[in-house]
Amino acid sequence: MARDRFSTATRLRLLGEQTAARVYRSQTRRQERSRLTGRAAFLALVVCSMVVALAYPMRQWVSQQSEIAEQERLATEAAERVERLRDEKARLQDDAYIRRLAREHLHYVRPGETGYTVIDPDAVRQRRSDQGAADRPWYSNLWDGVDTADRTDPATRTDRTDRK
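Residues numbered from 1 in each chain as written. Predicted model: local features only at pLDDT ≥ 70, side-chain atom pairs only at ≥ 80, totals over all residues. Heavy atoms only, no water.

### Describing the overall build of the chain
So, step 1. Summing up its helical and strand segments, the chain has five helices and zero strands in all.
So, step 2. For the chain, the succession of helices and strands along the chain, N to C, is α-α-α-α-α.
So, step 3. When each of the 164 residues of the chain is scored for burial, the buried share is 4%.
So, step 4. Contacts in the chain between residues at least 24 apart in sequence constitute 43% of all its contacts with a sequence separation of at least 6.
So, step 5. Total accessible area computed for the chain in this model is approximately 15200 Å², and 57% of it derives from carbon and sulfur atoms. (Helix = DSSP H or I, 4+ residues; strand = E, 2+ residues; numbered from the N terminus. Buried < 20%, exposed > 50% of the residue type's maximum accessible area, 1.4 Å probe, protein only. Contact = heavy atoms within 4.5 Å. Areas by Shrake-Rupley, 256 points an atom, 1.4 Å probe, with all protein chains shown as cover.)

Shown next, in the form of structure tokens:
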């Protein structure tokens with residue numbers, strides 16, 4: 001029996017059995033891999049289909065949510081503005097408030113009062129330095145006047161008055 005173990009026929013038979021076992025194992029692995037690969041491909045196809053199917057509705061939902069937030073912000077601002085306008089309307093119903101506005105903005109004085117207009121010396125110096133305006137075209141002077149009248153900074157305005 002020791003001799004059969006090392007005989008060429010025995011070795012060839014063992015070698016053939018080992019090779020057959022390797023081939024069988026590799027075929028089984030291939031079949032398992034290909035079956036798993038097919039499943040994975042199908043799963044990937046399903047996932048990609050779901051992503052493609054949901055991409056547009058999700059984009060629409062996100063854009064609509066941002067538009068809803070913007071509209072809510074605008075509605076809040078409009079409500080605040082309405083409230084301010086209601087307050088202003090209520091104040092304008094008061095005669096004392098109207099008189100005060102007339103005194104401040106239109107420089108009205110009551111009978112028996114004396115109104116004073118104080119000229120700012122800085123503004124006088126500024127006017128003297130701007131006497132070169134006669135050399136310029138009339139429309140340049142017009143636009144400069146519009147620009148200076150539009151300023152809200154009291155330091156740059158030339159029509160400041162002092163009320164007592």
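### Regarding the packing of aromatic side chains
So, step 1. One pass over the structure, following the stated rule, counts one aromatic pair.
So, step 2. On the basis of an interplanar angle of 80° and a centroid distance of 5.8 Å, the ring pair of Trp138 and Tyr139 is categorised as edge-to-face.
So, step 3. When its relative accessible area of 65% is taken as the criterion, Trp138 is described as exposed. (Phe/Tyr/Trp six-rings, centres within 6.5 Å; stacked < 30°, edge-to-face > 60°.)

### Details of the pattern of salt bridges
So, step 1. Counting across every chain of the model gives six salt bridges.
So, step 2. Of the charged contacts, one joins Arg13 and Glu17 as a salt bridge, the two residues approaching to 3.8 Å between their closest N and O atoms. Placement of both Arg13 and Glu17 in helix α2 (residues 8-92) is noted, with a separation of four residues, approximately one turn of the helix.
So, step 3. By relative accessible area, which is 45% here, Glu17 ends up partly exposed.
So, step 4. Salt-bridge contacts for Arg103 lead to Glu113; the nearest nitrogen and oxygen are separated by 2.9 Å. Residue Arg103 is located in helix α3 (residues 95-105), and its partner Glu113 is located in the loop between α3 and α4 (121-129); the two are separated by 10 residues in the primary sequence.
So, step 5. For Glu113, a relative accessible area of 35% gives the class partly exposed. (Salt bridge = Lys/Arg side-chain N within 4 Å of Asp/Glu carboxyl O.)

### A word on a nonpolar patch on the surface
So, step 1. Together, Phe42, Leu45, Val46, Met50, Leu54, Met58, Trp61 and Val62 make up a nonpolar patch on the protein surface, roughly 830 Å² of accessible area in all.
So, step 2. Position of Leu45 relative to the elements: it lies in helix α2. (Patch = residues over 30% accessible without salt bridge, like charges linked within 9 Å, V, L, I, M, F, W, Y side chains within 5 Å.)

### Here we look at unusual backbone geometry
So, step 1. With a phi close to 60°, His107 is a non-glycine residue in the positive phi region.
So, step 2. Structurally, His107 is set in the loop between α3 and α4.
So, step 3. Judged by relative accessible area, His107 falls into the partly exposed class, the value being 45%.

### Notes on the confidence of the model for the chain
So, step 1. Per-residue confidence for the chain gives a mean pLDDT of 81; residues scoring 70 or more make up 77%.
So, step 2. Scored below 50 in pLDDT, residues 160-164 makes 12 contacts in the model with residues more than four places away or belonging to other chains. (pLDDT = per-residue confidence, 0-100.)

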